[in-house]
Amino acid sequence: MNALTNLEALSRADRQAQVVQALSKVLPAHALLYTLEDTVPYECDGLTAYRERPLVVALPENENQVQAVLKACHALAVPVVARGAGTGLSGGAMPHKLGVTLSMAKFNNIMKVDPVSRTAVVQCGVRNLAISEAAAPHGLYYAPDPSSQIACTIGGNVAENSGGVHCLKYGLTLHNVLKVKGFTIEGDAVTFGSDALDTSGFDLLSVLVGSEGMLAITTEVTVKLVPKPQLARCIMASFDDIRKAGDAVAAVIAAGIIPAGLEMMDKPMTAAVEDFVHAGYDLNAEAILLCESDGTPEEVEEEIGRMSDVLRGCGATAIAVSKDEAERLRFWSGRKNAFPASGRISPDYMCMDSTIPRKRLADILLAIAEMEKKYQLRCANVFHAGDGNLHPLILFDANDPDQLHRCELFGADILETSVAMGGTVTGEHGVGIEKLNSMCVQFSSEENEQMFALKKAFDPMGLLNPGKVIPTLNRCAEYGKMLVRGGQISHPDLPRF
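Here the structure is a predicted model, which means the values were calculated and not measured. (Residues numbered from 1 in each chain as written. Predicted model: local features only at pLDDT ≥ 70, side-chain atom pairs only at ≥ 80, totals over all residues. Heavy atoms only, no water.)

### Quick word on the overall build of the protein chain
Operational definition: Only DSSP runs of H or I reaching four residues or more are called helices, and only runs of E reaching two or more are called strands; each is numbered from the N terminus. Throughout, radius of gyration means the C-alpha value; the globule benchmark is 2.2 Å times the number of residues raised to the power 0.38. Burial here depends on accessible area, computed with a 1.4 Å probe over protein chains only, as a share of the maximum for the residue type. Under 20% is buried, over 50% is exposed, and the range in between is partly exposed. Working rule for contacts: check all heavy atoms of both residues, and any pair within 4.5 Å makes them a contact.
When helices and strands are counted, the protein chain shows 18 helices and 19 strands. Taking 2.2 N^0.38 as the reference for a compact globule, 497 residues should give roughly 23 Å; the C-alpha atoms of the protein chain span a radius of gyration of 23 Å, in line with that estimate. When the backbone C-alpha atoms are referred to their principal axes, the protein chain occupies close to 65 × 60 × 40 Å. Counting over 497 residues, the protein chain shows a buried share of 56%. Relative to all contacts within the protein chain whose residues are 6 or more apart in sequence, the contacts with residues 24 or more apart total 72%.

Here it is as structure tokens:
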């Protein structure tokens with residue numbers, strides 16, 4: 001029997017008593033939660049449709065305690081699921097029913113901001129936006145800006161390789177991190193990357209970033225900081241046709257322009273956010289684009305002019321350019337509030353995350369419109385259009401099992417259609433539990449086996465975030481018999497809301 005099978009031989013109460021006894025030796029009583037009342041808040045992340053109550057929640061306060069917890073769990077063959085702020089949208093931090101949820105919330109110190117090297121050293125629980133706030137007095141900021149940046153943590157950003165509305169020009173988390181420190185499941189200290197721009201040996205930093213807590217536990221991150229631009233201005237362009245808007249995105253990039261941000265919203269999303277934040281969006285447009293330029297005043301003026309010409313040439317029905325910083329922020333406020341705005345018009349939503357070639361933006365939107373009819377559910381769409389990263393928000397009521405079932409099928413259909421169009425099943429939200437089946441569509445059994453081999457090199461017993469990200473051969477074989485387009489169920493074995 002493997003480690004997890006041995007663990008299942010004990011009753012839940014006995015397992016819990018065993019783990020609590022071991023962790024009580026390395027953590028103070030207030031840092032160890034195991035009663036129903038204390039553990040229920042940890043049963044899911046931002047994907048609330050699937051839930052599981054952890055056996056125990058550990059809240060270490062320093063690296064020695066993290067190391068001790070990992071060693072104790074490894075000795076008992078207990079699964080460990082790391083958790084940051086719980087803002088993830090793919091179920092990556094959903095607990096293991098036999099395991100320990102390792103909350104890193106108390107690791108929230110900014111260790112150092114170095115304006116000379118333009119770097120900051122921060123603990124994993126520091127909020128994304130807090131880094132830019134700390135760097136602001138030096139005229140610097142941290143570029144990746146996911147919409148949850150007010151709450152999400154840098155450790156979670158590393159786990160998911162998060163991006164944001166400015167990732168087209170400034171890159172994802174991977175492109176803005178120099179070094180990550182942490183521990184293996186055995187409790188061994190490990191460092192990925194270095195303070196230098198390059199490091200000898202294998203590029204393990206690229207392996208860790210985006211690994212969704214399956215290889216190591218992150219405790220400290222060294223990030224790059226960039227100078228605040230002298231000026232930033234934003235174009236809001238309206239289109240009376242989705243295809244014209246999609247073609248305009250490709251045309252801007254084809255013209256050799258790399259905007260600081262290039263986002264797209266369809267009519268349902270525009271209506272939702274305008275009613276919420278009053279950003280001044282054109283409610284008659286079938287789609288709007290937000291195109292930002294930043295740099296020196298001269299650079300911005302020239303680039304805004306070029307982008308405006310391209311957008312008009314692609315059929316923009318109206319173009320507005322922000323006159324000052326307040327108006328620029330107002331334009332972006334709608335995009336940044338797309339998720340909460342959707343929460344105002346529906347009891348629940350499931351935010352999908354796939355990536356397609358830019359030239360297929362209109363095709364996927366039209367396909368999603370047909371899926372709305374097929375599954376009888378509404379969908380509002382917002383895209384990181386510049387790099388083809390889709391965020392369709394499927395609106396449903398989780399209290400209705402049939403709606404949840406149709407929502408699952410709808411989401412899987414979007415992912416599979418994205419792959420068929422030459423894309424991928426994820427852009428920045430990760431795979432977690434949400435996209436396990438869809439991984440079977442994108443990757444072959446041989447490719448999945450290679451991913452398992454990499455995980456085994458770091459975690460031979462499979463204790464870090466087990467059952468996530470990489471589908472087993474058996475799972476893919478079963479899913480092959482019940483592809484979502486045949487109307488079959490998507491997640492048959494996951495604990496539901």
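### Things to note about the nonpolar core
When a protein is soluble and globular, its nonpolar side chains tend to lie buried together. We apply this condition: Residue types Ala, Val, Leu, Ile, Met, Phe, Trp, Tyr and Cys, when buried and joined through side-chain atoms within 4.5 Å, form a set referred to as a nonpolar core.
Counting 60 residues, the largest nonpolar core has Phe-239, Met-264, Leu-289, Leu-311, Met-350 and Phe-410 as the members making the most contacts within it. Those residues in contact with Phe-410 that lie beyond four places of it in its chain are Ile-368, Met-371, Glu-372, Tyr-375, Leu-377, Cys-379 and Ile-394.

### What to know about the packing of helix H14 (residues 361–375) against helix H15 (residues 401–420)
Worth spelling out the cut-off: Lines fitted to the C-alpha atoms define the axes, with helices restricted to the stretch that makes contact. Angles between their N-to-C directions range from 0 to 180 degrees. The cut-offs work like this: below 35 degrees is roughly parallel, past 145 is roughly antiparallel, 65 to 115 is roughly perpendicular, and the gaps in between are oblique. Each crossing is labelled by how the near helix is turned from the far one, with a counterclockwise turn of less than a right angle marking it left-handed and a clockwise turn marking it right-handed. Under the grouping applied here, Gly and all other residues not named as nonpolar or charged are polar, the nonpolar ones being Ala, Val, Leu, Ile, Met, Phe, Trp, Tyr, Cys and Pro and the charged ones Asp, Glu, Lys and Arg.
Remark: H14 packs on H15, axes separated minimally by 10 Å, with the N-to-C direction vectors making an angle of 155°. Comparing their axes, H15 and H14 come out roughly antiparallel. When the axes of H14 and H15 are compared, the crossing they make is right-handed. Contacts from Ile-364, Ala-367, Ile-368, Met-371, Glu-372, Lys-374 and Tyr-375 in H14 reach Arg-406, Leu-409, Phe-410, Asp-413, Ile-414, Thr-417 and Ser-418 in H15. Residue composition of the contact of H14 with H15, by class: eight nonpolar, two polar and four charged.

### Digging into the state of the cysteines
Which entries qualify depends on this criterion: In plain terms, two cysteine sulfur atoms within 2.5 Å form what is called a disulfide here.
Per the counting criterion, the structure on display carries one disulfide. What pairs with Cys-440 in a disulfide is Cys-476, and their sulfur atoms sit 2.2 Å apart. In this structure, the disulfide formed by Cys-440 and Cys-476 twists by about -80° around the S-S bond and is classed as left-handed. Of this pair, Cys-440 sits in helix H16 (residues 436–442) while Cys-476 sits in helix H18 (residues 473–481), and the two are 36 residues apart along the sequence. The exposure class of Cys-440 is buried, given its relative accessible area of 15%. Residue classification places Cys-476 among the buried positions, given a relative accessible area of 18%. Cys-124 supplies the cysteine sulfur nearest to Cys-152, a cysteine that is in no disulfide, at a spacing of 13 Å. Judged by its relative accessible area of 3%, Cys-152 is buried.

### Comments concerning the sheet that holds strand E8 (residues 177–183)
Applied cut-off: Strands are treated as partners if at least two bridges between them are detected by DSSP.
Strand order in the open sheet formed by five strands is E5-E6-E10-E8-E9, with antiparallel pairing between adjacent strands. Sheet topology places strand E5 (110–114) and strand E9 (189–193) at the edges, where each strand pairs with a single neighbour. Direction aside, the axes of adjacent strands within the sheet are offset by 10° on average. Seen against the sheet, helix H5 (residues 128–135) touches E5, strand E6 (119–123) and strand E10 (217–224) and runs at an angle of roughly 45° to E5.

### Topic: the packing of aromatic side chains
Which entries qualify depends on this criterion: Each Phe, Tyr or Trp ring, with Trp reduced to its six-membered ring, pairs with another whose centre is within 6.5 Å; inter-plane angles below 30 degrees give stacked pairs, above 60 give edge-to-face pairs, and intermediate values give tilted ones.
The tally for this structure, following the rule as stated, stands at four aromatic pairs. Look at Tyr-141 and Tyr-170: their rings are 6.4 Å apart centre to centre, the planes differ by 75°, and that puts the pair in the edge-to-face class. Placement of the pair is Tyr-141 in strand E7 (residues 140–141) and Tyr-170 in helix H7 (residues 167–170), with a sequence separation of 29 residues. Among the residues examined, Tyr-141 registers a relative accessible area of 17% and is labelled buried. Here the aromatic rings of Phe-339 and Tyr-349 are separated by 6.1 Å at their centres, their planes lie at 50°, and the arrangement is tilted. Residue Phe-339 is located in helix H13 (residues 338–345), and its partner Tyr-349 is located in strand E16 (residues 348–351); the two are separated by ten residues in the primary sequence. Assessed through its relative accessible area of 28%, Tyr-349 is described here as partly exposed.

### Quick look at the pairing of strand E14 (residues 287–295)
Among the nine residues of E14, nine are classified as buried, and the element is accordingly described as predominantly covered. Burial along E14 is two-sided: Ala-287, Leu-289, Cys-291, Ser-293 and Gly-295 facing one way and Ile-288, Leu-290, Glu-292 and Asp-294 facing the other are all buried. In terms of strand pairing, strand E12 (residues 231–239) meets E14 through nine bridges, oriented antiparallel. Paired with Ala-232 across the bridge in E14 is Asp-294. Examined bridge by bridge, strand E13 (residues 261–266) and E14 share six bridges and lie antiparallel to one another.

### Side note on helix H17 (residues 445–458)
Filter applied, for reference: By this rule, a helix spans an expected 1.5 Å times one less than how many residues it contains. The directions considered for the arc run from the helix axis to the C-beta atoms.
Here H17 contains 14 residues, and its C-alpha end-to-end distance of 20 Å stays within 8% of the 20 Å for a straight helix at 1.5 Å per residue. Where H17 is concerned, the buried positions are Asn-448, Lys-455 and Phe-458. Taken around the axis of H17, the buried residues stretch over an arc of 70°, which confines them to a single face. H17 presents Glu-446, Gln-450, Lys-456 and Ala-457 as exposed residues on the side facing more than 90 degrees away from its buried surface. Summarising the contacts, the buried residues of H17 are in contact with E9, helix H8 (204–208), H16 and H18.

### Considering the confidence of the model for the protein chain
What counts here: The pLDDT value expresses, per residue, how confident the predictor is, ranging between 0 and 100.
Averaged over every residue, the pLDDT of the protein chain is 94; the share at 70 or more is 95%. Contacts for the low-pLDDT stretch residues 484–494, under 50 throughout, to residues beyond four places or in other chains number 36 contacts.

### Overview of the packing of helix H10 (residues 267–277) against H13
Remark: H10 packs on H13, axes separated minimally by 8 Å, with the N-to-C direction vectors making an angle of 90°. The angle between H10 and H13 places the two elements in the roughly perpendicular class. Along the contact surface, H10 presents Met-269, Ala-272, Val-273, Asp-275 and Phe-276, while H13 presents Ala-338, Pro-340, Ala-341, Ser-342, Arg-344 and Ile-345.

### Description of helix H12 (residues 325–336)
Structurally, the α-helix is built with 3.6 residues per turn, so residues lying three or four positions apart point the same way. Rules: Nitrogen and oxygen atoms within 3.5 Å of one another constitute a polar contact, given that in protein one can donate a hydrogen and the other can accept it, and given that sequence-neighbouring residues count only through two side-chain atoms.
Its twelve residues place the ends of H12 16 Å apart at the C-alpha level, agreeing with the 16 Å of an ideal helix rising 1.5 Å per residue. Residues of H12 that are buried include every one of Glu-327, Arg-328, Phe-331, Trp-332, Ser-333, Gly-334 and Arg-335, and no others. Sitting at the amino-terminal end of H12 is Asp-324, which places a side-chain oxygen 3.3 Å from the backbone nitrogen of Ala-326.

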